[in-house]
Amino acid sequence: MSQYEEHEMYLKRVLSNSISSQNPSEDTKRKARKLSSSYFQDYKQNLLKEYEGKKLTDITNSHVVSTSYGDTLKITEKEKIDFEIKDNDFKSQINSNLKLLPKIGLKTEQNLKNKGFTTIESLKNHDKYCDIASKFIDEIDEMSFGEIIDLLDNNKYSRKCRDNLLKSISLTDCENFKFMDIETLGLSNVPIILIGVAEIKGSKIISSQYFLRDIYEEPAVIEAYLSHLDGDSVHVTFNGKSFDVPFIKNRCLSNRMEGNLDLPHLDLMYFAKNLWRDELPNCQLQTIEKEVFGIEREGDVPGQHIPDYYNTYLSEKNIGPIVPIIEHNRQDIVSLASFLERMYEDVN
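Computed from a predicted structure; not experimentally measured. (Residues numbered from 1 in each chain as written. Predicted model: local features only at pLDDT ≥ 70, side-chain atom pairs only at ≥ 80, totals over all residues. Heavy atoms only, no water.)

Asker: Is there a simple way to explain empty space enclosed by the protein in this structure?
Answerer: Empty pockets left among the atoms are what a rolling probe the size of a water molecule brings to light. Counted by the stated rule, this structure contains one cavity of 30 Å³ or more. Estimated volume of the largest cavity: approximately 70 Å³. Listed by contribution, the elements that provide at least two residues to the lining of the largest cavity are α7 (145–154), β7 (265–267) and α11 (268–276). At three residues, β7 tops the list of elements feeding residues into the lining of the largest cavity. Here the lining of the largest cavity is built from residues that sort into five nonpolar, one polar and four charged. (1 Å grid on protein atoms, 1.4 Å probe; cavity = no way out; pocket = protein on both sides within 12 Å on 5 of 7 lines; lining within 4 Å. Points joined across faces, edges and corners; volume = space filled by probe spheres on them. Helix = DSSP H or I, 4+ residues; strand = E, 2+ residues; numbered from the N terminus. Nonpolar A, V, L, I, M, F, W, Y, C, P; charged D, E, K, R; others polar.)

Asker: What is the right way to look at α11 in this model?
Answerer: One turn of an α-helix holds 3.6 residues; hence residues three or four places apart share an orientation. Here α11 has its buried residues at Leu268, Met269, Phe271, Ala272 and Trp276. Angularly, the buried residues of α11 cover 160° about the axis, an arc narrow enough to put them on a single face. Packed against the buried residues of α11 are α8 (163–167), β6 (234–237), β7, α12 (285–293) and α14 (323–347). Between the side-chain oxygen at the start of α11 and the backbone nitrogen of Met269 there is a gap of 3.1 Å, and the oxygen is on Asp267. (Buried < 20%, exposed > 50% of the residue type's maximum accessible area, 1.4 Å probe, protein only. Arc of directions from axis to C-beta. Contact = heavy atoms within 4.5 Å. Polar contact = N/O pair within 3.5 Å; in protein donor to acceptor, adjacent residues only side chain to side chain.)

Asker: Any chance you could explain the nonpolar core here in plain terms?
Answerer: What tends to happen in soluble globular proteins is that the nonpolar side chains get buried as a cluster. Residues Phe179, Leu266, Leu268 and Leu340 are the most contacted members of the largest nonpolar core, which totals 52 residues. The element that contributes the greatest number of residues to this core is α14, accounting for nine residues. Aside from chain neighbours lying at most four places away, what touches Phe179 is Phe83, Gly196, Val197, Ala198, Ile200, Val236, Ile333, Leu336, Ala337 and Leu340. (Core = buried A, V, L, I, M, F, W, Y, C linked by side-chain atoms within 4.5 Å.)

So this is what it looks like as structure tokens:
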């Protein structure tokens, strides 16, 4: 085959991936249909027919739970998971990071290490840095996981190396991770319609989802989620620092509720960009699922269609449109556990 013919074949293959080409591939046509508004309108109508006459309690593993703000619907799923965060002796790694001390930057750290001061512990014998080194060593042993996260996150040199934040998770129990995601009726000042939280319990990952059966149940949905949190909890989200947690805080204020959401927070979107942006087309959650873990969702409803689907559920009194929303949310939170474990392995 000539170089010209090879080039022609390459162009045809590339153009077949574009819906605007003369001969788009069948896979490209299928993807284009799934991105169209008409596809999701047809899908919604099919769901209405499929679930006509069904009740919310017909959803597998669903039941009504009570909170101090009233009742709400809870959906629980248990799956086997092989989740392990191997010890990486992170306290020793901290000890080698002289930049965690005040007034020590990159150049000063290198100069100190050239002189044999390779750890913060060794700086206890340094004329200038002995006092702050001794104070740091005493404090680090008493620090909670959240305080260590803050120490790493707030240090201007540590911020450039997101790996340290991921490596630090060996310092907490994996049962403290709260893999969380919310679904809402819009981007601001609207109700949360679903909160999902997944937790590691031994060899199982347990997802608990709280669904807004009508718009008056939002306080109960939020309260049910807050019941999973305690002083050792760690939020694990995907863009949750910018969206999910501030959104819940705002809805707490709107509903005149109190809740401690100022917890250690691992937002995996930032780590994904740091680790995989050169390997992936983009760092969206479902792209990572497909490209890194080989998971391709079927029957999924993207976030922009969720408000319309939920409002149809309310107006038609038919659970069909909210069934894929619940599954979308469940897959999101379970995927976060796989993301975190894989990221931890990569940085170690």
